[in-house]
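Commentary on secondary and tertiary structure
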Amino acid sequence: MRHKPNVHMELEDNPSNRYLEHVIEMLMEKYPSLSRGEATKHVVKSSFFETLKEDKEFVFHYHPTYWVDIVSSESRILIYT
């Protein structure tokens, strides 16, 4: 039986945890109806997360708001206000 990866474990083990947490927080600020768990899932499924694991210097070159927009676009987060 395959187990789902533990999202929280991935976050804890990541050396770029503070940047990652900042992007998650900013995503929650942009979309207040998202819970931390939902925001984390969107981030972990994004190209941002993969890029952060592979080339953190590239990721750090951009402001976190850029990555929030990428995650939003890829996840097609629709918020009705």
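Please refer to the structure higher up on the page.
This report concerns the structure included in the present document. None of the values given here were measured: they were computed from a predicted structure.

1. Here we look at the overall build of the protein
Each helix and strand counted, the protein has 6 helices and 0 strands in total. In the protein, the succession of α and β elements from N to C terminus is α-α-α-α-α-α. Burial analysis of the protein (81 residues in total) assigns 33% to the buried set. Once local pairs closer than 6 in sequence are excluded, the contacts in the protein between residues at least 24 apart make up 62%. For the protein, the exposed surface amounts to about 5,800 Å²; the carbon and sulfur share of it is 53%.

2. As for the side chain of S46
Here S46 lies in the loop between α3 (36–44) and α4 (47–54). If we skip the residues at most four places from it in the chain, S46 touches V71 and E74.

3. Some points on the packing of helix α2 (residues 17–30) against α4
α4 packs onto α2 with a crossing angle of 170° between their chain directions and a minimal axis gap of 11 Å. It follows from the interaxial angle that α2 and α4 lie roughly antiparallel. Here Y19, L20 and V23 of α2 lie close against α4, whose contacting residues are F48, F49 and L52. Grouping the amino acids of the contact of α2 with α4 by side-chain chemistry returns 6 nonpolar, no polar and no charged.

4. Examining α4
Inspection of α4 places F48, F49, T51 and L52 among the buried residues, and these make up the whole buried set. Across the axial projection of α4, the buried residues extend over an arc of 165°, all falling on one side. The opening residue of α4, the one whose side-chain oxygen lies 3.3 Å from the backbone nitrogen of F48, is S46.

Definitions and limits used
Residues numbered from 1 in each chain as written. Predicted model: local features only at pLDDT ≥ 70, side-chain atom pairs only at ≥ 80, totals over all residues. Heavy atoms only, no water. Helix = DSSP H or I, 4+ residues; strand = E, 2+ residues; numbered from the N terminus. Buried < 20%, exposed > 50% of the residue type's maximum accessible area, 1.4 Å probe, protein only. Contact = heavy atoms within 4.5 Å. Areas by Shrake-Rupley, 256 points an atom, 1.4 Å probe, with all protein chains shown as cover. Axes fitted to C-alpha atoms, helices over the stretch in contact; angles between N-to-C directions. Parallel < 35°, antiparallel > 145°, perpendicular 65-115°, else oblique. Nonpolar A, V, L, I, M, F, W, Y, C, P; charged D, E, K, R; others polar. Arc of directions from axis to C-beta. Polar contact = N/O pair within 3.5 Å; in protein donor to acceptor, adjacent residues only side chain to side chain.

Scope: geometric values only; no functional claims are made or implied.
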